[in-house]
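Summary of the model geometry
Listed here are the chains, written in short residue letters.
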Amino acid sequence: MPRLIINADDFGMTSGVNRAIVEAHRAGTVTSATLMANEVAVDEAINLAKQSRSLATGCHVVLVDGRPRSAPQDVRSLIGSQNGTAAEFRPGVAQLALATVAGKIREHEVQAEAAEQITHLQSRGLALSHVDCHMHSHILPLVLRAVLKAARERGIGAVRNPFEPTWAVRATHKSSSLRSWNRSAQVTMLRGLESQFLETVKTNGMKTTNGTIGIAVTGLLDRHRLTNLMEAMPEGTWELVTHPGYNDRDLAQAGTELRQSRAVEFELFTSPETLDLLRERGIELISYREL
(Lines give C-alpha, C1' and ligand atoms only; values in the text may rest on other atoms or scores of the structure.)
Protein backbone atom coordinates (compact mmCIF):
# COMPACT_ATOMS: atom_id res chain seq x y z
CA MET A 1 0.00 0.00 0.00
CA PRO A 2 1.46 3.41 -0.96
CA ARG A 3 1.84 5.85 1.91
CA LEU A 4 1.35 9.58 1.35
CA ILE A 5 2.11 12.71 3.36
CA ILE A 6 0.06 15.68 2.14
CA ASN A 7 2.03 18.69 3.35
CA ALA A 8 0.81 22.28 3.18
CA ASP A 9 3.66 24.77 2.79
CA ASP A 10 3.72 28.42 3.87
CA PHE A 11 1.89 28.08 7.20
CA GLY A 12 2.24 31.55 8.72
CA MET A 13 2.28 33.53 5.46
CA THR A 14 -1.18 35.09 5.94
CA SER A 15 -4.23 34.53 8.09
CA GLY A 16 -6.09 33.20 5.04
CA VAL A 17 -3.36 30.67 4.33
CA ASN A 18 -3.41 29.61 7.98
CA ARG A 19 -7.18 29.08 8.01
CA ALA A 20 -7.12 27.16 4.75
CA ILE A 21 -4.43 24.77 5.97
CA VAL A 22 -6.28 24.00 9.20
CA GLU A 23 -9.60 23.57 7.39
CA ALA A 24 -7.99 21.20 4.86
CA HIS A 25 -6.53 19.21 7.76
CA ARG A 26 -9.93 19.00 9.42
CA ALA A 27 -11.36 17.79 6.11
CA GLY A 28 -9.06 14.78 6.43
CA THR A 29 -6.59 15.35 3.59
CA VAL A 30 -3.72 17.57 4.74
CA THR A 31 -1.76 15.65 7.36
CA SER A 32 1.25 17.92 7.72
CA ALA A 33 2.29 21.56 7.42
CA THR A 34 5.52 23.51 7.49
CA LEU A 35 5.56 26.80 9.34
CA MET A 36 7.49 29.93 8.32
CA ALA A 37 9.04 31.44 11.44
CA ASN A 38 9.66 34.85 9.89
CA GLU A 39 6.30 35.63 8.28
CA VAL A 40 3.65 38.11 9.40
CA ALA A 41 1.01 35.57 10.49
CA VAL A 42 3.40 33.25 12.33
CA ASP A 43 1.93 33.87 15.79
CA GLU A 44 -1.56 32.91 14.62
CA ALA A 45 -0.16 29.83 12.87
CA ILE A 46 1.61 28.72 16.05
CA ASN A 47 -1.61 29.02 18.04
CA LEU A 48 -3.57 27.12 15.38
CA ALA A 49 -0.93 24.39 15.33
CA LYS A 50 -1.22 24.01 19.10
CA GLN A 51 -4.99 23.68 18.76
CA SER A 52 -4.62 21.08 15.98
CA ARG A 53 -2.43 18.47 17.66
CA SER A 54 -3.12 15.88 14.94
CA LEU A 55 -1.53 18.19 12.36
CA ALA A 56 2.18 17.35 12.19
CA THR A 57 3.99 20.67 12.01
CA GLY A 58 7.51 21.24 10.75
CA CYS A 59 9.72 24.26 10.09
CA HIS A 60 9.69 25.74 6.59
CA VAL A 61 13.18 27.26 6.74
CA VAL A 62 13.28 30.49 4.72
CA LEU A 63 16.63 31.43 3.16
CA VAL A 64 15.32 33.17 0.02
CA ASP A 65 12.46 35.57 -0.67
CA GLY A 66 12.10 36.75 2.91
CA ARG A 67 13.82 38.35 5.89
CA PRO A 68 16.21 36.75 8.39
CA ARG A 69 15.35 36.26 12.04
CA SER A 70 19.05 36.61 12.83
CA ALA A 71 20.73 39.99 13.06
CA PRO A 72 21.77 40.94 9.50
CA GLN A 73 25.42 41.31 10.50
CA ASP A 74 25.41 37.67 11.63
CA VAL A 75 24.23 36.30 8.27
CA ARG A 76 25.76 38.75 5.82
CA SER A 77 26.45 36.14 3.14
CA LEU A 78 22.70 35.40 2.92
CA ILE A 79 21.61 38.99 2.47
CA GLY A 80 20.70 40.07 -1.04
CA SER A 81 19.75 43.66 -0.27
CA GLN A 82 19.47 45.94 2.73
CA ASN A 83 17.66 49.24 3.20
CA GLY A 84 18.59 50.60 6.60
CA THR A 85 17.74 47.89 9.12
CA ALA A 86 15.46 46.02 6.69
CA ALA A 87 17.58 43.17 5.33
CA GLU A 88 16.25 40.84 2.63
CA PHE A 89 17.42 37.44 1.43
CA ARG A 90 18.07 36.90 -2.25
CA PRO A 91 14.81 36.72 -4.21
CA GLY A 92 15.11 33.14 -5.46
CA VAL A 93 16.90 29.80 -5.34
CA ALA A 94 18.73 30.47 -8.60
CA GLN A 95 20.51 33.47 -7.08
CA LEU A 96 21.30 31.53 -3.92
CA ALA A 97 22.69 28.67 -6.03
CA LEU A 98 24.91 31.03 -8.03
CA ALA A 99 26.22 32.61 -4.83
CA THR A 100 26.91 29.14 -3.42
CA VAL A 101 28.86 28.07 -6.51
CA ALA A 102 30.82 31.34 -6.35
CA GLY A 103 31.82 30.59 -2.75
CA LYS A 104 29.93 33.56 -1.34
CA ILE A 105 27.68 31.65 1.08
CA ARG A 106 29.05 30.80 4.52
CA GLU A 107 27.74 27.45 5.69
CA HIS A 108 27.85 28.40 9.37
CA GLU A 109 25.59 31.38 8.63
CA VAL A 110 23.02 29.14 6.93
CA GLN A 111 23.13 26.89 9.98
CA ALA A 112 22.75 29.84 12.34
CA GLU A 113 19.71 31.21 10.52
CA ALA A 114 18.06 27.79 10.25
CA ALA A 115 18.69 27.24 13.96
CA GLU A 116 17.20 30.65 14.78
CA GLN A 117 13.99 29.86 12.90
CA ILE A 118 13.66 26.36 14.35
CA THR A 119 14.38 27.55 17.89
CA HIS A 120 11.79 30.32 17.62
CA LEU A 121 9.05 27.80 16.86
CA GLN A 122 10.21 25.33 19.51
CA SER A 123 10.40 28.09 22.12
CA ARG A 124 6.67 28.64 21.56
CA GLY A 125 5.93 25.07 22.53
CA LEU A 126 5.80 23.33 19.14
CA ALA A 127 7.16 19.80 18.81
CA LEU A 128 8.42 19.98 15.23
CA SER A 129 7.98 16.84 13.15
CA HIS A 130 10.37 17.66 10.33
CA VAL A 131 12.13 20.36 8.37
CA ASP A 132 12.14 21.57 4.78
CA CYS A 133 13.13 24.76 2.96
CA HIS A 134 11.13 27.43 1.20
CA MET A 135 11.44 26.95 -2.56
CA HIS A 136 13.25 23.65 -1.86
CA SER A 137 16.56 25.48 -1.35
CA HIS A 138 17.93 22.52 0.64
CA ILE A 139 18.40 20.86 -2.74
CA LEU A 140 21.77 22.69 -2.64
CA PRO A 141 24.36 20.51 -0.83
CA LEU A 142 25.79 23.33 1.27
CA VAL A 143 22.33 24.42 2.42
CA LEU A 144 21.34 20.82 3.12
CA ARG A 145 24.35 20.16 5.35
CA ALA A 146 23.73 23.31 7.36
CA VAL A 147 19.97 22.83 7.74
CA LEU A 148 20.34 19.18 8.76
CA LYS A 149 22.92 20.03 11.39
CA ALA A 150 20.68 22.76 12.82
CA ALA A 151 17.67 20.40 12.80
CA ARG A 152 19.52 17.42 14.28
CA GLU A 153 20.95 19.49 17.12
CA ARG A 154 17.39 20.52 18.01
CA GLY A 155 15.94 17.03 18.03
CA ILE A 156 14.31 17.00 14.60
CA GLY A 157 14.69 13.66 12.84
CA ALA A 158 13.08 14.03 9.40
CA VAL A 159 13.52 16.17 6.29
CA ARG A 160 11.71 16.59 2.98
CA ASN A 161 13.21 14.78 -0.01
CA PRO A 162 12.98 17.66 -2.54
CA PHE A 163 13.36 15.47 -5.64
CA GLU A 164 10.34 14.60 -7.79
CA PRO A 165 10.43 11.07 -9.24
CA THR A 166 10.13 10.40 -12.96
CA TRP A 167 6.74 8.71 -12.62
CA ALA A 168 5.20 11.83 -11.06
CA VAL A 169 6.55 14.19 -13.70
CA ARG A 170 5.27 11.91 -16.45
CA ALA A 171 1.84 11.75 -14.81
CA THR A 172 1.29 15.51 -15.05
CA HIS A 173 3.42 17.32 -17.61
CA LYS A 174 1.65 16.18 -20.79
CA SER A 175 -1.57 17.90 -19.80
CA SER A 176 -0.01 21.04 -18.40
CA SER A 177 1.19 24.42 -19.63
CA LEU A 178 4.54 25.65 -20.92
CA ARG A 179 5.33 26.65 -17.34
CA SER A 180 4.87 23.06 -16.25
CA TRP A 181 7.06 21.77 -19.08
CA ASN A 182 9.80 24.17 -17.95
CA ARG A 183 9.46 23.08 -14.33
CA SER A 184 9.45 19.44 -15.41
CA ALA A 185 12.76 19.98 -17.20
CA GLN A 186 14.20 21.70 -14.12
CA VAL A 187 13.23 18.95 -11.67
CA THR A 188 14.57 16.34 -14.08
CA MET A 189 17.95 18.05 -14.35
CA LEU A 190 18.20 18.58 -10.59
CA ARG A 191 17.62 14.88 -9.97
CA GLY A 192 21.35 14.40 -10.47
CA LEU A 193 21.83 15.74 -6.94
CA GLU A 194 19.55 13.15 -5.34
CA SER A 195 22.15 10.49 -4.55
CA GLN A 196 24.28 13.06 -2.71
CA PHE A 197 21.17 14.25 -0.85
CA LEU A 198 20.30 10.73 0.29
CA GLU A 199 23.85 10.06 1.43
CA THR A 200 23.94 13.29 3.44
CA VAL A 201 20.58 12.48 5.05
CA LYS A 202 21.81 9.00 5.96
CA THR A 203 25.08 10.34 7.37
CA ASN A 204 23.12 12.69 9.60
CA GLY A 205 20.84 9.90 10.83
CA MET A 206 17.73 11.60 9.46
CA LYS A 207 14.62 10.10 7.88
CA THR A 208 13.01 11.10 4.59
CA THR A 209 10.53 9.88 1.98
CA ASN A 210 11.06 8.24 -1.41
CA GLY A 211 10.42 11.60 -3.04
CA THR A 212 8.11 14.60 -3.29
CA ILE A 213 5.38 14.94 -5.92
CA GLY A 214 3.54 17.95 -7.26
CA ILE A 215 6.64 20.12 -7.61
CA ALA A 216 6.47 20.33 -11.40
CA VAL A 217 2.85 21.45 -11.25
CA THR A 218 3.19 23.93 -8.40
CA GLY A 219 0.55 26.56 -9.07
CA LEU A 220 -1.18 24.30 -11.59
CA LEU A 221 -2.52 21.45 -9.46
CA ASP A 222 -6.18 20.64 -10.13
CA ARG A 223 -8.53 17.67 -9.94
CA HIS A 224 -7.31 16.14 -13.21
CA ARG A 225 -3.62 16.35 -12.36
CA LEU A 226 -4.16 15.15 -8.81
CA THR A 227 -6.07 12.13 -10.12
CA ASN A 228 -3.25 11.36 -12.55
CA LEU A 229 -0.72 11.49 -9.71
CA MET A 230 -2.73 9.26 -7.41
CA GLU A 231 -3.37 6.71 -10.18
CA ALA A 232 0.34 6.57 -11.05
CA MET A 233 1.61 6.31 -7.47
CA PRO A 234 3.65 3.13 -6.84
CA GLU A 235 4.48 1.47 -3.54
CA GLY A 236 6.62 3.57 -1.23
CA THR A 237 6.33 6.62 0.99
CA TRP A 238 5.79 9.91 -0.82
CA GLU A 239 5.06 13.54 -0.01
CA LEU A 240 2.64 15.71 -1.96
CA VAL A 241 3.52 19.37 -1.61
CA THR A 242 0.51 21.70 -1.56
CA HIS A 243 -0.24 25.40 -1.09
CA PRO A 244 -3.87 25.90 -0.02
CA GLY A 245 -5.05 29.37 0.93
CA TYR A 246 -7.71 32.04 0.68
CA ASN A 247 -7.03 34.43 -2.21
CA ASP A 248 -7.67 37.60 -0.24
CA ARG A 249 -6.18 41.07 0.20
CA ASP A 250 -3.48 39.85 2.59
CA LEU A 251 -2.30 37.29 0.05
CA ALA A 252 -2.15 39.95 -2.69
CA GLN A 253 0.22 41.92 -0.48
CA ALA A 254 2.36 38.91 0.47
CA GLY A 255 4.49 38.99 -2.68
CA THR A 256 3.80 35.37 -3.61
CA GLU A 257 3.18 34.28 -7.20
CA LEU A 258 0.74 31.63 -5.99
CA ARG A 259 -2.61 33.35 -5.51
CA GLN A 260 -5.61 31.96 -7.37
CA SER A 261 -3.96 28.54 -7.37
CA ARG A 262 -4.11 28.53 -3.55
CA ALA A 263 -7.89 28.92 -3.69
CA VAL A 264 -8.07 26.06 -6.21
CA GLU A 265 -6.01 23.82 -3.93
CA PHE A 266 -8.06 24.81 -0.91
CA GLU A 267 -11.20 23.63 -2.68
CA LEU A 268 -9.42 20.49 -3.84
CA PHE A 269 -8.21 19.49 -0.37
CA THR A 270 -11.47 20.20 1.41
CA SER A 271 -13.49 18.18 -1.11
CA PRO A 272 -14.92 14.75 -0.19
CA GLU A 273 -14.00 13.67 -3.72
CA THR A 274 -10.32 13.83 -2.81
CA LEU A 275 -10.75 11.53 0.16
CA ASP A 276 -12.78 9.16 -2.04
CA LEU A 277 -9.95 9.15 -4.60
CA LEU A 278 -7.37 8.27 -1.97
CA ARG A 279 -9.51 5.45 -0.59
CA GLU A 280 -10.20 4.06 -4.06
CA ARG A 281 -6.48 3.97 -4.80
CA GLY A 282 -5.69 2.29 -1.48
CA ILE A 283 -3.39 5.14 -0.41
CA GLU A 284 -2.63 5.43 3.31
CA LEU A 285 -2.35 8.99 4.61
CA ILE A 286 0.42 9.51 7.15
CA SER A 287 2.54 12.36 8.47
CA TYR A 288 6.25 12.77 9.17
CA ARG A 289 5.55 11.43 12.67
CA GLU A 290 4.99 7.97 11.16
CA LEU A 291 8.23 7.72 9.16
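Described in the following lines is the structure provided in the data block. The structure displayed is predicted, hence computed values, not measured ones.

Turning our attention to the overall build of the chain. Along its length, the chain carries 12 helices and nine strands. Each principal axis of the C-alpha atoms in the chain carries an extent, and together these give about 55 × 40 × 35 Å. Residues classed as buried in the chain amount to 57% of the 291 residues present. By sequence separation, contacts in the chain at least 24 residues apart represent 79% of the contacts at least 6 residues apart. When the accessible surface of the chain is totalled, it reaches about 12,200 Å², and 49% of it is carbon and sulfur. The averaged location of the 32 negative side-chain charges in the chain is 4 Å from the averaged location of its 32 positive side-chain charges.

Moving on to the environment of Ala71. Tracing the chain through its elements places Ala71 in the loop between strand E3 (56–61) and strand E4 (79–83). Between the C-alpha atoms of Ala71 and Arg262, which are 191 residues apart in sequence, the distance is 32 Å.

Our focus in this paragraph is the packing of aromatic side chains. Two measures describe an aromatic ring pair: the distance that separates the ring centres and the angle between the ring planes. In this structure the tally under the stated criterion is three aromatic pairs. Ring plane angle 65° and centroid distance 5.6 Å describe the contact between Phe163 and Phe197, whose orientation is recorded as edge-to-face. Linking Phe163 in the loop between helix H5 (141–153) and helix H6 (166–172) with Phe197 in helix H8 (residues 194–203), this pair joins segments that are 34 residues apart in sequence. The pair formed by Phe163 and Phe197 is uniform in burial state, with each residue classed as buried. Taking 4.8 Å as the distance between ring centres and 45° as the angle between the ring planes, the aromatic pair formed by Tyr246 and Phe266 counts as tilted. Placement of Tyr246 in the loop between strand E8 (237–242) and helix H10 (249–252) and of Phe266 in helix H11 (residues 260–268) is noted, with a sequence separation of 20 residues between them.

The subject of this paragraph is the environment of Thr209. With respect to the helices and strands, the residue Thr209 is situated in the loop between H8 and strand E7 (211–213). Through-space distance from the C-alpha of Thr209 to that of Ala158 is 8.9 Å; in sequence the pair is 51 residues apart. Beyond its immediate stretch of four places on either side in the chain, Thr209 contacts Ile5, Asn161, Thr237, Trp238, Glu239, Tyr288 and Leu291. Separated by 3.2 Å, the side chain of Thr209 and the backbone oxygen of Gly211 make a polar contact.

Right, let's talk about the pattern of salt bridges for a bit. Per the stated rule, a full pass over the model turns up 12 salt bridges. The closest approach of N and O atoms between Glu88 and Arg67, which form a salt bridge, is 2.8 Å. With Glu88 in strand E5 (residues 86–89) and Arg67 in the loop between E3 and E4, this residue pair connects regions lying 21 residues apart in the sequence. Among the ionic pairs, Arg154 bridges to Glu153, the shortest N-O distance being 3.6 Å. What you see here is one network of salt bridges that share partners, running through Asp9, Asp132, Arg160 and Glu239.

So, how was this worked out
- Residues numbered from 1 in each chain as written.
- Predicted model: local features only at pLDDT ≥ 70, side-chain atom pairs only at ≥ 80, totals over all residues.
- Heavy atoms only, no water.
- Helix = DSSP H or I, 4+ residues; strand = E, 2+ residues; numbered from the N terminus.
- Buried < 20%, exposed > 50% of the residue type's maximum accessible area, 1.4 Å probe, protein only.
- Contact = heavy atoms within 4.5 Å.
- Areas by Shrake-Rupley, 256 points an atom, 1.4 Å probe, with all protein chains shown as cover.
- Lys, Arg positive; Asp, Glu negative; His and termini not counted.
- Charge placed at Lys NZ, Arg CZ, Asp CG, Glu CD.
- Phe/Tyr/Trp six-rings, centres within 6.5 Å; stacked < 30°, edge-to-face > 60°.
- Polar contact = N/O pair within 3.5 Å; in protein donor to acceptor, adjacent residues only side chain to side chain.
- Salt bridge = Lys/Arg side-chain N within 4 Å of Asp/Glu carboxyl O.

Note that all results are geometric; they support no functional claim without further evidence.
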